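Now for the letters of each chain:
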Amino acid sequence: LIEMDEFAFKRADYVVFPCEEAEEPYYHTWNEYASIRKNKKILYLPTGIVGCSARITRDEYRKKYHIPEDAFVVSYVGRHNEIKGYADLKKMGEELLNNQNIYFLIAGKEEPMKGLDNSHWIEVGWTNDPHSLIAASDVFVLPNHETYFDLVLLEVLSLGVPVVLSNTGGNKFFKKFQNSGLSFYDTVADAIKSINHLKKMNKLDIEKLGKCNRKIFENNFTVEHFTQNYIHVIRQIAEDE
């Protein structure tokens, strides 16, 4: 894999990343990256997606898993492994599930790691409808240890749900969006504080944070925005030549 990457980087005239912060995992995991990158023409093009929507309502989804309407629900969708931060998510659950009115709603195969043995920790397994699960929650946790530019974050923004996310890699790109429903953390303890802070807020204020996230998506990460940015990058390359 390293040989393939080296082959590609050395022969490319231009390298396009979604953002500068997305390069962080390369620096962290590939010692030669800095020297290989040095003389390259690097361009940045933030990713865009088609906005997501829930197939079933929040109430219906909660009823399906016997979650009370007034419960505070934390969601996660993704692989159950160390690099995705699943172990940290479990630590959050161990601390927060002492409160009987919190539920964790988790999607993704339970491998290689398994969830907590707690009736308020709900593993739905692999699903073709992750968007209804996310929309049924009050906050989404994105706990990755290393990350490039996680598409699930764009999906959550488009669904209008607040996010508690690790301060790493491509996640850092989103720190520029002030006064939003994005709470960054460096430690598990910080993440727990952010979740507890959200839990203490009233429903309308949580919805306002979600609407801020939806607005971030609409103003920056739709397919239309991506298309315009893509054309701009191609023009840059054409003008260089």
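Please refer to the structure higher up on the page.
Engineer: How would you explain the pattern of salt bridges if you had to name every residue and give the values?
Structural biologist: This model, assessed by the stated rule, comprises 13 salt bridges. Here aspartate 138 makes a salt bridge to arginine 62, at a shortest N to O gap of 3.0 Å. Placement of the pair is aspartate 138 in the loop between helix H6 (130-135) and strand E6 (139-142) and arginine 62 in helix H4 (residues 58-64), with a sequence separation of 76 residues. A salt bridge links aspartate 150 to lysine 84; the nearest nitrogen and oxygen atoms lie 3.4 Å apart. A residue pair is termed long-range when its members are at least 10 positions apart, and aspartate 150 in the loop between E6 and helix H7 (151-159) and lysine 84 in the loop between strand E3 (72-77) and helix H5 (86-96) qualify at 66 residues. Aspartate 150 gets classed as buried once you look at its relative accessible area, which sits at 16%. The structure contains a network of salt bridges with shared partners spanning Arg58, Arg62, Glu69, Asp138 and Lys203.

Engineer: Break down the sheet that holds strand E5 (residues 121-123) for me, with residues and values.
Structural biologist: Strand order in the open sheet made by the six strands is E5-E4-E3-E6-E7-E8, with parallel pairing throughout. On the outer flanks of this sheet lie E5 and strand E8 (182-185), each paired with one strand and no other. Neighbour-to-neighbour, the strand axes of this sheet turn through a mean angle of 20°, independent of strand direction. Across two bridges, the pairing between E3 and E6 is parallel. Bridge assignment links valine 74 to a residue of E6, and that residue is valine 139. Sitting on the sheet, H5 is in contact with E3, strand E4 (102-107), E5, E6 and E8, with an inclination near 160° to E4.

Engineer: Quick one: what's the story with the nonpolar core, residue by residue and with numbers?
Structural biologist: Residues Phe140, Phe174 and Phe221 are the most contacted members of the largest nonpolar core, which totals 36 residues. Here this core gets six residues from one element, more than from any other, and that element is H7. Not counting chain neighbours up to four residues away, the residues in contact with phenylalanine 221 comprise Pro46, Thr47, Gly48, Ile49, Phe149, Leu154, Phe173, Phe174, Phe177 and Ile216. Listed in part, the 26 residues of the second largest apolar core include Leu89, Phe104, Met113 and Ile195.

Engineer: Break down helix H8 (residues 188-200) for me, citing the residues and quoting the values.
Structural biologist: An ideal rise of 1.5 Å per residue puts 18 Å on 13 residues; H8 measures up with 19 Å between its terminal C-alpha atoms. Residues of H8 that are buried: Val188, Ala191, Ile192, Ser194, Ile195 and Leu198. Seen end-on, H8 carries its buried residues on one side only, within an arc spanning 160°. Projecting away from the buried face of H8 at angles above 90 degrees are the exposed residues Lys193, His197 and Lys200. Turning to H8, the residues buried within the fold contact E3, H5, E6, strand E7 (163-166), E8 and helix H9 (203-220).

Engineer: Describe in detail the environment of isoleucine 237, supporting the description with residues and values.
Structural biologist: Mapped onto the fold, isoleucine 237 is located in helix H10 (residues 223-240). Sequence-wise, isoleucine 237 and isoleucine 206 are 31 residues apart; in three dimensions their C-alpha atoms are separated by 43 Å. Ignoring any residue separated from it by four or fewer positions in sequence, one finds isoleucine 237 in contact with Tyr14 and Leu43.

Definitions and limits used
Residues numbered from 1 in each chain as written. Predicted model: local features only at pLDDT ≥ 70, side-chain atom pairs only at ≥ 80, totals over all residues. Heavy atoms only, no water. Salt bridge = Lys/Arg side-chain N within 4 Å of Asp/Glu carboxyl O. Helix = DSSP H or I, 4+ residues; strand = E, 2+ residues; numbered from the N terminus. Buried < 20%, exposed > 50% of the residue type's maximum accessible area, 1.4 Å probe, protein only. Pairing = 2+ DSSP bridges. Axes fitted to C-alpha atoms, helices over the stretch in contact; angles between N-to-C directions. Contact = heavy atoms within 4.5 Å. Core = buried A, V, L, I, M, F, W, Y, C linked by side-chain atoms within 4.5 Å. Expected span 1.5 Å × (residues − 1). Arc of directions from axis to C-beta.

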